[in-house]
Amino acid sequence: MTRTTALVALCLCTVVLSACNTDRQAVAPRPQAPPPAAASTAAKSVMQGAGQAVAALDTTTPAEKAAAAAPASGGGKLGRTVASLGDATEGGFWVKTPLVKAPAKGRVVNPGNGKSANVDLQPLSGGGAGSQLSLAAMQALGLSLTDLPEIEVWQN
């Protein structure tokens, strides 16, 4: 009896597997889903050239870049904040942060690589916990446009 049961089970498995195999051949392969987006649509369009290129958006002059890279002294550390790319069409070296209540001069430091830039400190309207960096400041700190780094903010 067990031989008969095993033989019937084997035959059923063979029939089922052969039916599955024919159905698989008849069905067209499914297209693969696109990979998940690693960056925001705005940042992607800037980076891929769908809009304006990063170089076209960076309107800072060589003199402004040199002034931003010059070492600054004095002042005090206001704190650390997570920063994202601010309005890429707004030129200059600036950071909008909730760490200041009034416009001032200062600098930002990327503790990951030690790079710093002299910037205009601007209060971030609307509150919030994070800060926004200008395109030129992001580049001076050696950051990717899609990074969300923790930076140090100093006031002169």
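The shown structure was predicted, so the numbers you read here are calculated from the model rather than taken from an experiment.

Undergrad: Can you tell me about the confidence of the model for the chain, naming the residues and giving the values?
TA: In this model, the chain carries a mean pLDDT of 75, and residues with pLDDT of at least 70 account for 60%. Note that residues 22–27 has pLDDT below 50 and, in this model, zero contacts with residues that lie over four places away or in other chains.

Undergrad: Account for the nonpolar core, with residues named and values stated.
TA: Judged by nonpolar contacts, the single largest core of 16 residues is most densely connected at V95, V108, V119, L121, L133, L141 and I151. Setting aside chain neighbours within four positions, we find L121 in contact with L78, V95, V100, A102, P103, A104, K105, G106, V153, W154 and Q155.

Undergrad: Before we move on, can you summarise the sheet that holds strand β2 (residues 94–97) with the specific residues and values?
TA: Strand order in this closed barrel of six strands is β1-β5-β2-β4-β3-β6, and the pairing throughout is mixed. Ignoring which end each strand starts from, the neighbouring axes of this sheet average 40° apart.

Undergrad: Help me get a handle on the packing of aromatic side chains, residues and values and all.
TA: Summed over all chains, the structure comprises zero aromatic pairs. Over the face of the ring belonging to W94 we find K96, whose NZ or CZ atom lies 5.0 Å from the ring centre.

Undergrad: Before we move on, can you summarise the pattern of salt bridges with the specific residues and values?
TA: For the structure shown, the criterion picks out five salt bridges. R80 serves as the salt-bridge partner of E150, at 3.0 Å between the closest nitrogen and oxygen. Separated by 70 residues along the polypeptide, E150 in strand β6 (residues 150–155) and R80 in strand β1 (residues 76–85) bring together distant segments of the chain. E90 is paired through a salt bridge with K96; the nearest N and O atoms lie 3.3 Å apart. Judged by its relative accessible area of 28%, E90 is partly exposed. A single salt-bridge network, built from bridges that share partners, covers K77, R80, E150 and E152.

Here is what the cut-offs are and how they apply
Residues numbered from 1 in each chain as written. Predicted model: local features only at pLDDT ≥ 70, side-chain atom pairs only at ≥ 80, totals over all residues. Heavy atoms only, no water. pLDDT = per-residue confidence, 0-100. Contact = heavy atoms within 4.5 Å. Core = buried A, V, L, I, M, F, W, Y, C linked by side-chain atoms within 4.5 Å. Buried < 20%, exposed > 50% of the residue type's maximum accessible area, 1.4 Å probe, protein only. Pairing = 2+ DSSP bridges. Helix = DSSP H or I, 4+ residues; strand = E, 2+ residues; numbered from the N terminus. Axes fitted to C-alpha atoms, helices over the stretch in contact; angles between N-to-C directions. Phe/Tyr/Trp six-rings, centres within 6.5 Å; stacked < 30°, edge-to-face > 60°. Lys NZ or Arg CZ within 6 Å of the ring centre and 35° of its normal. Salt bridge = Lys/Arg side-chain N within 4 Å of Asp/Glu carboxyl O.

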